[in-house]
Amino acid sequence: MNKYSVFSLVRNAMSYHENWQKAWRSPDPKKEYDVVIVGGGAHGLATAYYLAKECGITNVAILEKGWLGGGNTGRNTTIVRSNYLWDESSAIYEHAMKLWENLSQDLNYNVMFSQRGLLHLAHNVHDMQEIGRRGHAIHLNGIDSEFLTPEQVKEIEPTINLDCRYPVLGALLQRRGGSARHDAVAWGYARAADDMGVDIIQNCEVTGFDIQDGVVKGVETSRGHIGAKKVGVVTAGHSSVMANMAGFRMPLESFPLQAMVSEPLKPVINTVIMSGAVHVYLSQSDKGELVVGAGSDNFVSYSQRGSFDMMDHIVGPLKELFPFTSRLRMMRQWGGIVDVTVDRSPIITKTPVENMFFNCGWGTGGFKATPGSGNVFAHSIANGELHPIAAPFTMNRFNTGALIDEGAAAAVAH
Amino acid sequence: MLVIKCPFCGERDQTEFTCHGEAHIARPENPDELTDEQWGDYIFFRQNIKGYQYERWSHDHGCGRWFNALRNSVTDQFVDTYKIGEEKPAIPSDEGK
Amino acid sequence: MSQSNRIKTGGRIDRNKPVSFTFDGKTFQGFEGDTLASALLANNVHLMGRSFKYHRPRGVLSAGSEEPNAIVTIGSGKRSDPNTRATVVEMFDGLEASSQNCWPSLNFDIGGINNKLSRFFPAGFYYKTFMWPKSMWMKYEEIIRASAGMGVAPEEGDPDTYAVKHEYCDVLIAGGGPAGLSAALTAGRTGARVILIDEQNEFGGSLLSDHGAEIDGKPAMDWVDAALAELKEMEEVTILNRTAVIGYFDHNFITAMEKITDHLGPQDSNDTPRQRFWKIRAKQVVLASGSFERPMLFGDNDRPGVMLASAVRTYINRYGVLPGKDMVVFTNNDSAYKTALDAFANGGRVEIVDTRVDPKGPLVEQARSLDITIHTNAAIVGTKGYRRLKGVEVMELNEAGDGVKGTKFHIGCDVVAMSSGWNPAVNLFSQARGKLRYDEELTSFVPDHCQWDNYSVGSCNGTFTLEGALSEGLEAGLKAAQAAGFGEGQSVPATPSAPEVEHGDMRTLWYIPMDRPLARGKKHFHEFQNDSTVADIHLAAREGYISVEHLKRYTTTGMGTDQGKTSNVNAIAIMAQIRGVSIPQVGTTTFRPPFVPVTFGAIAGHDVEDLFLQARKTPMHSAHDRNGAIYEDVGDWKRPYYFPKAGEDMHAAVQRECKAVRDSVGIMDGSTLGKLDIQGKDASRLLNLLYTNAWSKLAPGKCRYGLMCNEHGMVFDDGVTTCIGENHYHMTTTTGGAGRVANWIEEWIQTEYPDWDVYATSVTEQWAVSILNGPKSRKVLEKLVDIDLSAEAFPFMAMKECHIAGVPARIYRISFTGELSYEINVPARYGLHVWDALLEAGEEFDICQYGTETMHVLRAEKGFIIAGQDTDGSVTPMDLDMDWIVSKKKGDFLGRRSFTRTDTARTDRKQLVGVLTEDPNVVLMEGAHLVRELKDKPPMDMLGHVTSSYMSPNCGRSIAMALIRDGKNLKGQSFMVPTMSGKAHKVTITDPIFFDKENKRIDGEPS
C-alpha cells in the first residue's frame, strides 16, 4: 500500500499523480472464506478491518450489492458523539469515540474527524431534567460532559436565537463530539482492510443463504455461491430482508430518514447543535454547507428519495433557532433507509442460524458508532461469543425485556 | 408526499395520516400461555417487508378512523386501503419487484 | 466605455429604462430587462468570481440557472443574498453586487496561490495528508474551513416576508417554452385547471434567444404572444412566470418558488412577500424543462470569456450584448453555428473551430458563404489569458480524436463560444423516481419510464427540433387533460409549421486532447464550481473510485450549487472511456431536489415568529397575564410556572406559594390536563384493559386513580378517571400525554376491539379547570356553589355536578397535594369567570395563585409521581412500589404479560425511593446520580438518578425522589451524590413520602 502523507503527495505531484495505486483491489470472489461480511457500508468495512487487524482473520470477503458506503454511510449527517444515557450505550459509543480519535492515523486515511464540540439544547424543564440526568451519567462514566448556561451557548454559537419559541434554558456540551467525513470513513477502512488481504467485492448482491441443519455454510450471490465458515450481516435498512432470507424476523422497521444541505458558506456554525424541542439539528461541513437533519418518514419504505413534508417541518425550526438562515438556500435533500428498534439501541447478536451474526438496528445514529461497532462485532464473530461491550445489545433482550431505552429518555434520537 | 385514500373520506394528503406499522397482528387471546419468546415476537418483531406489505394507518387530521392498507414499500404506492375487519386485498402478482 | 459590448439595437431589454448598479463598489449602467450577467458583459466585465478550490478567475459560463461560475452576493447586511447566480438576477436600479471567495479583491486574490500550487491539490488530496502531527488537525481544519465555503451568511433578521400557497390542478406544466406553451394550449382548451410555470421573467424559453425562428411563417415570438394571450383568457389557467419548479415528489406533488419582489429590489414595506412557495398537487404533469448545453473539455477551458455557445447567442439576441468582439466558436455540432452567424451579423469577428472532419449542411454553408473561417477536424488545445481570455491555441485532431497533430496555431480572441452537444434537463423527471435511458444518438440521458403520471416534451425529452417540440407539447397537453377527465373526444390540433434548417451529425469528443499528456500544465475542467478536472477523473479511476457515486464524491463532481447541470454527463462519459465500458454501465447519479437552490425563508413561509408552533393557552390565560404569571412551556402549552410578587425571584415565590397552599388555600389552573369523555356499554371494559387496576365496580360519582402501561409493561401515563353515570366516564391524563393516550385508546378500540361499544372523545379544551388546594378550600368554594361540601356529603374521591358562580360545573374532590382539594371543571367559556370569582371569594383567606413548580413541590412532599419525570418509559408499577395498583384478579390488561419476563421480573431493578441529603439545605440537582462508592474521579458505579428534587418549606428541608437499583432494599442506607464540580453530597435513602404520612389533611378544615 502506498503510504499517504504530505511527502507521498508531493512525490506523486511530480509524476502528475499517475503513480497512485488503487485504494482497494476488485478481486473475484474465492470459493470460500473464513468470514463473509454482507454489506459494504462503513460498519461492515470496519468489521472486516478489525477482523484482520485484531483477530488475525484475513480470509474475509465483504459483499456489497452496490458501491462501498452507498447506504447510510454516505447519506448521514456525520455526527459523532458518545454522550448517551445508559451505561451500555456509553460503553459502546465511547469505545467508538476512542477509536475515532486515532482513526485517521490508524487507517492512514484522513477521515477528517473534527472534535468541534456538540451541543444538546434544552428548551423546557423536561429537557433540563433530561440533560441533567444524562450529563451526570456521562460524566460518571468517565466521558466529557459539561452543562452550559444560555449565555455560554451564545458565546459558542453567536448566531443562535436564544429567545426563540421554547427559549434556550441551557445545554449539554460534549467537547469531544463533532463530525467526520463520511465517505472517507468507508474508503479508509476499505483501503486498510484490503491491504491486509480482505476481498472487497462490489456489485455482488446476496440473494440467499446456504443453511444446512441450522448452520450457515455460505451465501448465494449474483456472482454465484460463496462458501463461508461464518457470516456477519451488516446491512442496516435491509437487515430484515436478509433475516427473512435466513428464515427469521427482526425487531426492526425501516424508515427513510431525511437530511439536507444548504449552499456553502464561510464558517458561521462552529459546533454540532441538536435541539429536540424546536426539532432541528445542524452543523457546518468543512466544505461550508450547513448540514441539517430532519426526522424520518413514519412509514416503512425502502426508497431513498427525499420527501417534502419532513423537510417542510424542519425549515421553520431552523429559521426560528438561526434566523440568519432565512435568506440562505437549500441546495440538496435526500433520504437514507434507517433500521429502527423500539428502544432506539442497536442489535449486535447471534441468530437462530449458527455461525450467522447480525449487526443492525443503529437507526438514525449509526455513523458515530462505526469504529466501535465494527470492532466489537469483529471480536464477536471471531470468538463466536458476543464481545462484553456488545453483549447487552443481543436480540434476546426483546424477549427478556432488558431493553436499553435511549428513546424513552432522550428528547430526539440521532 | 403521497395521496392516500381514506376508506371513509376519500383521497387526502399524506400529511393528514399516520402509519402504525404492520397490520393483522392480533393480540394474543391468552398471553399467559405464551413463552417470553412468543410474547416478544408479538410486541417487537416485524416482517418489515421490502415490497408489498399490509399496514395500519389512521386518518388523524381527518375522520380519525384507523384502516388497513396494502402498500409497496419500494415504490411507496398503495394498492388499496380497506376498513378494519374487511377482507385483505391480494398481493399483486409482480411480487413487489 | 459605458456598455461597450452593447449592440446598438435589438434584444428584449428596455432601452428606455436605463439603470445603474454596482459591482464590487464600482458603478455601471444597464437596462431593465438585463440580468446582472448581461449587464456586466455589456460593460465588458467578464471576471465575476473565483473558483472554490484553486481561486481561479471565472467569468460567466451560461445564461441561466445552470451557472456554476458567476456566483456573487447581492445586497448587503440583513438583505444580503450570498451565492446568487448572476445569470438569474434581474436588473433593477440601485442593484448592489459583490464578488465572493476572494481577498483582498476579485482582481488580486491571495487565494490564487492555490492555483500555483494546484498540482499538490488533486481530487481528494485532503484524505492523504493533514494527518501529522495528529494534534495539528484541528488547526489545519480551521484553515480548510476558512478557505472553503463560498459567500458570507447574511446578518440576522431578514426584513422580508415570505408566503406559501397550496394549489390543486389537473395539469401542471413545468416550462414555458414552445413545448410547454403548446401543452398549455391544448390542456387549457379542454377547460381543465392548468398551471403553467416558467422560471424566467418572460415566456418563450429557447425562442427568446432564437433570433429568426419562425412559426407559421411569422416570428416565433408572435406565436408565443398569441399563445399567452389565449391562455390568459382561459379562466382555469394560472400562469406563473419567475417561478421555478424545484421539486417533484410522490403522487405529482410539485413544489415551486416564485420570485415576487426580487427583481424590484428591496421593498420599503413588507406587505408584499419577497417570494412565494407553491405546493401543488397535480393530477397530471407535463415536463417541458428544456436542456442544458455541454461545455467542451479543453485545456484551460475556464478562462473568463469561455462560454457556452447558446449562452453567447442568448446574450446577443435577448440582451443585445455581444460578449466580445473577437469570437472563436468551438463546436462538435451545428447548433453553435447559429451563434457564429448571429455574432457575425452583429459585427463580431468570428472563427469556427469544428471537431468534425467534414461538417456539412445549410448552417455550415451559410457560415462559409459569409467567409467565416472554419477550422475543421480541429480542436482548441489551450487558452491564453488569466483574468480574461486573450486567445486560443488550435491544432488538428487525429483520426480517432484522442490526439492532435500538426502545428499549433494561435487565434486571438476574447470570447470562446463552445458546444459539445446537449443534455435534456431530466432533473425533475429523475426526482420523481423516473428511470433514465441513454440515447446513443443524442449521447445523453433521456426519460424512460416513471411510476407517476407525467409526460416529458421538447428538448427535455431529447426532441430538439422546434416542430417536434410543438407537436409533442400539443399532444401531451391534450392527453394529460384527458387523463384528468377533460376534453373527451377532442383531437390534437395540427402542429404549426416551424421549418428549420437540417442539422448535421455530431462528432462527440468527451475530452479534447492537447499536444502533451493530460495534466501537464493545463487543466480541463468538467466541473467548474468545484474545480474538478478530467485529470481528477483519471485519478479517481486509477485509485478505484470508479462507480459513478464514488466518482462524484471523490472528485466533488456535481456537488456544487448547480448540482452538476453542465458537468455530470461529461464526467460519466469520461469515466466510461477510461474504464472501457459503455456510459450506461457507469450509470447516472440520482438528481435530488431542489432543481435550483431555494431559500429557507420561502419554505418556512408564514411559519415564523408568532405563527411558529403556536402556543396553546388556557381560557384563564388573560388572568394569568394580568396577575403577573411567569410561564413554563409544557408541550405546546403555556402554563403559569409561578406568580412572583414584587421583588421575588422564583425560589422566593415558590416557597411562599408552597406555604400558602398548606396553610390556607391556593388556586391553580389545571385546564391543560388531558381529558377524555368515554361512553358506551363497554366503557368499563376499556378501562380494565387500559389501567392496571380494576374498574368494574366504580360507582357513578366516584373517582379512581389509575396507571397505564404499554405492552412492554412500562408505565406511560396516569390520571384519575371518574364514573359520571352509567357507561359514562371522564378520564384525565397528564398534560403532555393527552394526545398519546387518546391515540392509544383509538388504536385498541378501532383495530383490536371494533365490536366493543365504546367511544372516547378528547374534551381537553372543552373544560376549564380551576383547582383549589388547602385546608380553607371548602370555605372558599362554599361561597360560590349550590351543594353541601361537608366531608360526609362530598367525600374524597367523589364528583358532584352543581353550579358555581351561576354556571354549571363538575367538581372532583381529588388531590395531588394531600390537602383538601377541589378540581372545578366548567365549560371552557366560563373558565375565566369562575377563576376570577374564586379569586374574589378567596381574598379573605389570602388565596394564593400558584403555578406548576409549586404543584411539583407539593406533590413531591407527598411522594406522588409525575409520569414522565419520575418515570421514563423503563419503569413498571412495581418499580414505583405501586404493586397495590396492579390487579391480580381482574384478568388480562395491557402490559401485564410483560411483568413476568425474566428481566422485568427481577427484584433488583431500579425502584423509586425517597432521598434526603445530610445537609437539609442542599437541594440536589435533578439528574444527579447516587454512586455506590465515591472515587477521586469517574468512572463510578451509578445506582440511579434523582428524578425530583426541591426545597420543601413545609418539611423545612430539601427533599428528593430517585430511581435506584434495588432501591427498596437500600432504604436507610447512605450514599454519595457527586456533582459535576467535584463536590459530593451525602444522602440517605428513605420512603418517598415526606409530609403528612398518615394522610390526615385530606379533609381540610371543617366549614
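Please refer to the structure placed before this passage.
Attention here is on the structure that accompanies the text. Just so it is clear, the structure is predicted and the values come from calculations on it, not from any experiment. (Residues numbered from 1 in each chain as written. Chains lettered and ligands numbered in written order. Predicted model: local features only at pLDDT ≥ 70, side-chain atom pairs only at ≥ 80, totals over all residues. Heavy atoms only, no water.)

Attention now moves to the interface of chain A and chain C. At the interface, 112 residues of chain A touch 117 residues of chain C. Counting each side, the surface lost to burial between chain A and chain C is near 10,000 Å², with a carbon and sulfur contribution of 58%. Our count for the chain A to chain C interface comes out at 11 salt bridges. Between D183 of chain A and R553 of chain C there is a salt bridge whose closest N-O contact spans 2.9 Å. The biggest single contributor to the side of chain A that touches chain C is helix α5 (residues 125–140) of chain A, with 10 residues. (Contact = heavy atoms within 4.5 Å. Buried area = accessible area lost by both parts, 1.4 Å probe. Salt bridge = Lys/Arg side-chain N within 4 Å of Asp/Glu carboxyl O. Helix = DSSP H or I, 4+ residues; strand = E, 2+ residues; numbered from the N terminus.)

Residue and element names in this part refer to chain C. Tracing the backbone shows I110 in the loop between β7 (96–99) and α2 (113–116). As a C-alpha pair, I110 and M855 span 745 residues in sequence and 64 Å in three-dimensional space. Not counting the four nearest positions on each side in its chain, I110 is found in contact with W103 and P104.

The next subject is the interface of chain B and chain C. Listed per partner, the contact involves 25 residues of chain B and 30 residues of chain C. At the boundary of chain B with chain C, total buried surface from both sides reaches about 2,400 Å², with 46% on carbon and sulfur atoms. The largest per-residue losses of area from chain B upon contact with chain C belong to M1, R27 and W66 of chain B, which jointly make up 29% of the total buried on that side. Viewed at the interface, chain C and chain B are joined by seven salt bridges. In this structure, the connection of chain B to chain C is made through 25 residue pairs in polar contact (both at pLDDT 80 or more). (Polar contact = N/O pair within 3.5 Å; in protein donor to acceptor, adjacent residues only side chain to side chain.)

Now for the sheet that holds strand β6 (residues 170–174) of chain A. With mixed pairing, the nine strands of this open sheet are ordered in space as β5(A)-β6(A)-β4(A)-β13(A)-β14(A)-β15(A)-β12(A)-β16(A)-β31(C). Looking at strand neighbours, the two that pair on one side only are β5 (146–148) of chain A together with β31 (598–599) of chain C, the edges of this open sheet. Sheet analysis places strand β16 (residues 329–340) of chain A next to β31 of chain C, joined by two bridges and oriented antiparallel. Residue pairing for β31 of chain C: R329 of chain A is matched across the bridge by T599 of chain C. Docked against the sheet, helix α9 (residues 308–321) of chain A engages β4 (118–122), β12 (253–262), β13 (272–275), β14 (280–284), β15 (290–296) and β16 of chain A, running at close to 130° with respect to β15 of chain A. (Pairing = 2+ DSSP bridges. Axes fitted to C-alpha atoms, helices over the stretch in contact; angles between N-to-C directions.)

A word on the side chain of T331 of chain C. Residue and element names in this part refer to chain C. Here T331 shows up in strand β18 (residues 326–331). With relative accessibility at 0%, the residue T331 sits in the buried group. A polar atom in the side chain of T331 sits 2.8 Å from the backbone oxygen of N333. Ignoring anything within four residues of it in the chain, the contact list for T331 reads M296, A336, Y337, I352, V353, D354, T355 and S419. (Buried < 20%, exposed > 50% of the residue type's maximum accessible area, 1.4 Å probe, protein only.)

For N107 of chain C, the position within the fold is in the loop between β7 and α2. With residues near it in sequence (within four places) discarded, N107 of chain C still touches L47, R50 and R387 of chain C.

Residue and element names in this part refer to chain C. In contact at an axis separation of 9 Å, helix α8 (residues 335–345) and helix α9 (residues 362–369) are set at 30° when each is read in the N-to-C sense. With respect to their mutual orientation, α8 and α9 come out roughly parallel. Classified by chirality, the crossing of α9 by α8 is left-handed. In this structure, α8 contributes Y337, K338 and L341 to the contact, and α9 contributes L363, V364, Q366 and A367. (Parallel < 35°, antiparallel > 145°, perpendicular 65-115°, else oblique. Left-handed = near helix turned anticlockwise from the far one by under 90°.)

All names here are of chain C. Within the secondary structure, D677 sits in strand β35 (residues 674–679). Among the polar contacts made by the side chain of D677, one reaches the side chain of Q679 at a distance of 2.6 Å. Excluding anything up to four places from it in sequence, D677 contacts H728, Y729, Y759, A760, T761 and V763.

The subject of this paragraph is the state of the cysteines. All names here are of chain B. If you walk through the whole model with that rule in mind, you get zero disulfides over all chains. C63 supplies the cysteine sulfur nearest to C6, a cysteine that is in no disulfide, at a spacing of 3.7 Å. C6 gets classed as buried once you look at its relative accessible area, which sits at 1%. Between C63, a cysteine without a disulfide, and C9, which holds the nearest cysteine sulfur, the sulfur-to-sulfur distance is 3.6 Å. Residue C63 is classed as partly exposed on the basis of its relative accessible area of 32%. (Disulfide = S-S within 2.5 Å.)

Moving on, we get to the pattern of salt bridges. This model, assessed by the stated rule, comprises 102 salt bridges over all chains. In this structure, the salt-bridge partner of R12 of chain C is E202 of chain C, at a minimum N-O distance of 2.7 Å. Of this pair, R12 of chain C sits in the segment before β1 (14–23) while E202 of chain C is found in the loop between β9 (194–197) and β10 (214–215), placing the two residues 190 residues apart along the sequence. Taking relative accessible area as the criterion, R12 of chain C reaches 34% and is therefore assigned partly exposed. One network of salt bridges, in which partners are shared, links D297 and R305 of chain A, E55, R71 and D76 of chain B together with D250 and R433 of chain C.

Let us now look at the sheet that holds strand β36 (residues 703–709) of chain C. All names here are of chain C. With antiparallel pairing, the five strands of this open sheet are ordered in space as β36-β37-β38-β35-β39. Sheet topology places β36 and β39 (759–762) at the edges, where each strand pairs with a single neighbour. Within this sheet the neighbouring strands show an average axis-to-axis angle of 30°, counted without direction. Strands β35, β36, β37 (715–725) and β38 (728–733) of the sheet are contacted by helix α19 (residues 683–690), whose axis makes an angle of about 30° with β38.

Moving on: empty space enclosed by the protein. Residue and element names in this part refer to chain C. Across all of its chains, the model carries 10 cavities of 30 Å³ or more by this definition. Roughly 130 Å³ of volume is contained in the second largest cavity. Along the wall of the second largest cavity there are 16 residues; nearest its centre are N423, P424, V426, V569 and F591. Looking at the lining of the second largest cavity, the elements with two or more residues in it are β25 (422–424), β27 (444–449) and α14 (568–579). A total of three residues in the lining of the second largest cavity trace back to one element, the largest contributor, which is α14. Split into classes, the residues belonging to the lining of the second largest cavity amount to eight nonpolar, seven polar and one charged. In terms of domain composition, the lining of the second largest cavity takes at least three residues from each of domain 2 (162–291 + 424–483) and domain 4 (517–586). (1 Å grid on protein atoms, 1.4 Å probe; cavity = no way out; pocket = protein on both sides within 12 Å on 5 of 7 lines; lining within 4 Å. Points joined across faces, edges and corners; volume = space filled by probe spheres on them. Nonpolar A, V, L, I, M, F, W, Y, C, P; charged D, E, K, R; others polar. Domains from an automatic or database assignment.)

Time to look at helix α13 (residues 548–555) of chain C. In terms of burial, α13 of chain C is a largely internal element, eight of the eight residues being buried. What α13 of chain C keeps buried is the set V548, E549, H550, L551, K552, R553, Y554 and T555 of chain C.

The subject of this paragraph is the pairing of strand β48 (residues 957–965) of chain C. The side chains of a regular strand alternate between the sheet's two faces. All names here are of chain C. The element β48 is largely enclosed, with a buried count of eight among its nine residues. With six bridges joining them, strand β45 (residues 910–917) and β48 adopt antiparallel strand pairing. Within β48, the position partnered with G914 by the bridge is M961. Bridge count for strand β47 (residues 942–952) against β48 is eight bridges, and the pairing is antiparallel. Its bridge partner being in β48, V946 is matched across the sheet by A962.

Take it as geometry only, folks, not as evidence of what the structure does.
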